[in-house]
Amino acid sequence: MATPQSDIDKRKQISVRGIAEVEDVTEIKKSFNRHLHYTLVKDRNVANSRDYYFALAHTVKDHLVSRWIRTQQHYYDKDPKRVYYLSLEYYMGRSLQNTMINLGINTSCDEAMYQIGLDIEELEEMEEDAGLGNGGLGRLAACFLDSMATLGMAAYGYGIRYEYGIFAQKIKNGEQHEEPDDWLRFGNPWEKARPEFMLPVNFYGRVENTPQGKKWVDTQVVFAMPYDNPIPGYQNNVVNTLRLWSAKSPIDFNLKFFNDGDYIQAVLDRNLAENITRVLYPNDNFFEGKELRLKQEYFMCAATLQDIIRRFKSSKFGSKEETRTDFELLPEKVAIQLNDTHPSLAIPELMRVLVDLEGLPWEKAWEITTRTCAYTNHTVLPEALERWPTSMLESILPRHMEIIYHINFLHLKEIEKRYPGNMDKLRHMSLIEEEGEKRVNMAHLSIIGSHAVNGVAAIHSEIIKKDIFKDFYELTPEKFQNKTNGITPRRWLLLCNPGLSDLICDKIGDQWPVHLDQLTKLKQWAKDPNFQRAVMKVKQENKLKLAQLLEKEYKVEINVASMFDIQVKRIHEYKRQLLNCLHIITLYNRIKKCPNAKFTPRTIMIGGKAAPGYYAAKKIIKLICAVGNVINNDPIVGDKLKVIYLENYRVTLAEKIMPAADLSEQISTAGTEASGTGNMKFMLNGALTIGTLDGANVEMAEEMGNENIFIFGMTVDEVEELKRTGYNAYDYYNAIPELKQVVDQIQNGFFSPGNPNEFTDLADILLKYDRFFSLADFAAYIKAQDHVSEVYQNQAKWAEMTIHNIASSGKFSSDRTISDYGHDIWGVEPNYEKLPAPHEPRD
């Protein structure tokens, strides 16, 4: 980036990139040197790349601060309805480049660094990813924050400041090893600690009946320290806040020790309280009912609700005086969105605050709570649904357990009235599950405590209504909605794919980053050979860039003329990386059988992390690596086929992968992937999709037309039918010779000569215990893949399909998703007006 550019190249970086003004460049250089000197206390003789990164980050942050303060003042002046997005995960990635783009200063910063003699890309590479999420759910929250700021909504993200984010994945001898992600080791230049807003959170204790009502007493207190992170909108001078809580031990923690004189131990034990925010649980789509996780969930909800109510009561900027005391107004001024059930304790906590602390009658408090809260469901997998043991809740949150019992009592009275004598209904719809250990079903709590419940893709929202929450849908159909997920086009096109962005600007102007539906205008050039060539040239450049990175990293020679066939996502049986693996082995067998036959060369990349305790997922990684090892070292295969396991897949790696992909693998069993968002990133960057009719794939096919996507496999109805009639994997194994050969190779140690039994467990899963019917979809998958290879040979056809994919991505902007949430759930409309810049007078 910092190589000198010709005038033509500079002109090509039209207004989306912002023109570098001389004054800006001079100002940035001055600011950069000042921060190097005064903030980092270094000079050019001893400063290293990381120091330069921090100096640049602080320089860029200076441009944020006045906008940030102004935005918050603006919200206090106007007193709009505020949106509170509650999530236990925010998968943010890096902030530097995104901030420069959203502020419109990236060209100036680039030029300033170049004049100083630094390469801005090298500095950007110094930044640690903020990996405070596992996968889709956490990344969605990050895209939503970007869209809420860009749409000028008075929105606040609330979550936890984990000291250790998602683990770093190291692959050693084909096996995943986890290393702690100490992302704060060098400090975080973007956050601002706010100790003056520290709040107490209670645990344990007991409930006392008093004449004034219930009191929760004898609790253990932990403090919640807020850290604020700026969220800049796209070139509209709006900067919203992501507030992350960190656990702090109270000064008087464990004073009882002082009486024993064990002062040292008392101080050491302060760590116990602070462990609450130490580490992110690394499970995706899996519920692990651990006490520490329950504490994390409540800690976030309790601190956040105190903050929400403080802000509701005091309407003046920075004021702690209470001017609003009528809680009837809460639903008019506050919308709370629960990102899955992880923050569902906000419902009983809000009830506790309203009833016990503010003295409202139960009925009024319940009406206010339900009108304020809304719940987004993210999965239908039974093992992912949160069910907390009542014994654990009774111990850690005794008052909340009482409140949940009472909510359930009133709820079941309603059910009994509606369906007299129907014990099955009562059992199915209760918040308390009585079979085995008594548990609280948090999804049921979230549904009855909310005024809106949504799925995250049309097909998923239908499954919710017809299947897992059918009884609740029949009770209150008006609550249930769909809000198809989206991605922010700022990070996932403008930032990660500048070549394609410039090309689009040349054709349709520079408004598309905030109005992504304008991409449909590109359809008129889908058949234009010049535009096709330009699009494929950008793709080729992106492939070259990725290939250089991978060759350096993996010492594998990559054929950039091959099709880049990519599946990146968390490793899970339902996502069917195993099915992909069966195809890879099939291709290998075909090459070995007829080495001289015509063959479309592929470089197949698979990446993603497995939960540390998920045995099958880790075995799948090992199998892919073993298969790659055999294929990549077979001289007969040559450059026809290569298999690469992408280590440590994360946001920053995704930004490099998406622009370079030719084929996107979205092959989950129909009815299992709620939406998917990686599918949208690939589509926006001009990769073609091979996929099942699952999640958002269905709507992608609707938008672009079936002729521009490779759909295969069973539908949801066919999967249900197969479950009903009974699935026998051996029927397929015995009927399809290619499949039998592949499964036998896995089973008999062809890919693990040192340990013939290495992968028998995976063969057993495929043949005996496969809940996700990989073998039933094998034939259709192979047929679709053969079609993909055939089309790839016709580059003009492929380019045309690519352009149709890009041009049909408009619906999948998170701006559209957030507009829909605002309109249908929160009662907040987007505002496209720019706030005045810091140097301009306020309105």
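Residues numbered from 1 in each chain as written. Predicted model: local features only at pLDDT ≥ 70, side-chain atom pairs only at ≥ 80, totals over all residues. Heavy atoms only, no water.

### A short note on the layout of surface pockets
Phase 1: Approximately 590 Å³ is the volume attributed to the second largest pocket.
Phase 2: Lining of the second largest pocket is provided by 27 residues; of these, Gly174, Cys625, Ala626, Gly628 and Asn629 occupy positions nearest its centre.
Phase 3: Those elements that provide at least two residues to the lining of the second largest pocket are α25 (615-632) and β22 (641-646).
Phase 4: Counting residues per element, the lining of the second largest pocket draws most heavily on α25, which supplies eight residues.
Phase 5: Counted by class, the lining of the second largest pocket contains 13 nonpolar, nine polar and five charged residues. (1 Å grid on protein atoms, 1.4 Å probe; cavity = no way out; pocket = protein on both sides within 12 Å on 5 of 7 lines; lining within 4 Å. Points joined across faces, edges and corners; volume = space filled by probe spheres on them. Helix = DSSP H or I, 4+ residues; strand = E, 2+ residues; numbered from the N terminus. Nonpolar A, V, L, I, M, F, W, Y, C, P; charged D, E, K, R; others polar.)

### Considerations on the nonpolar core
Phase 1: Judged by nonpolar contacts, the single largest core of 230 residues is most densely connected at Met148 and Trp826.
Phase 2: A per-element tally of this core places helix α11 (residues 291-313) first, with 11 residues.
Phase 3: Every residue in contact with Met148, bar those within four places of it in the chain, is listed here: Val83, Tyr85, Met153, Ala155, Asn240, Ile818 and Trp826.
Phase 4: Membership of the second largest hydrophobic core comes to 27 residues, among which are Leu36, Ala112, Ile120 and Leu123. (Core = buried A, V, L, I, M, F, W, Y, C linked by side-chain atoms within 4.5 Å. Buried < 20%, exposed > 50% of the residue type's maximum accessible area, 1.4 Å probe, protein only. Contact = heavy atoms within 4.5 Å.)

### With respect to the packing of aromatic side chains
Phase 1: Scanning all chains against the criterion turns up 23 aromatic pairs.
Phase 2: Residues Tyr85 and Phe144 carry aromatic rings whose centres are separated by 5.8 Å and whose planes lie at 80° to one another, so their mutual orientation is edge-to-face. On the criterion of sequence distance, the pair formed by Tyr85 in strand β1 (residues 82-86) and Phe144 in helix α7 (residues 136-150) is long-range, its members being 59 residues apart.
Phase 3: A residue is classified by how much of its surface remains accessible, and Phe144, at 0% relative accessible area, is buried.
Phase 4: Among the aromatic residues, those joined into a cluster by ring pairs are Tyr84, Tyr156, Tyr158 and Trp245.
Phase 5: When the ring centre of Trp492 is taken as origin, the NZ or CZ atom of Lys681, which lies over that ring, is 4.5 Å away. (Phe/Tyr/Trp six-rings, centres within 6.5 Å; stacked < 30°, edge-to-face > 60°. Lys NZ or Arg CZ within 6 Å of the ring centre and 35° of its normal.)

### As for the sheet that holds strand β16 (residues 432-433)
Phase 1: Taken in spatial order, the three strands make up an open sheet running β15-β17-β16, and their pairing is antiparallel. The open sheet has two free edges, formed respectively by β15 (387-389) and β16, since each of these has just one partner strand.
Phase 2: Relative to strand β17 (residues 439-441), β16 runs antiparallel, the two sharing two bridges. Note that in β17 the partner of Ile432 across the bridge is Val440. (Pairing = 2+ DSSP bridges.)

### Section: the side chain of His460
Phase 1: Within the secondary structure, His460 is located in helix α19 (residues 458-468).
Phase 2: Residue classification places His460 among the buried positions, given a relative accessible area of 2%.
Phase 3: Discounting chain neighbours no more than four positions away, the residues touching His460 are Asn377, His378, Thr379, Val380, Gly455 and Ala674.

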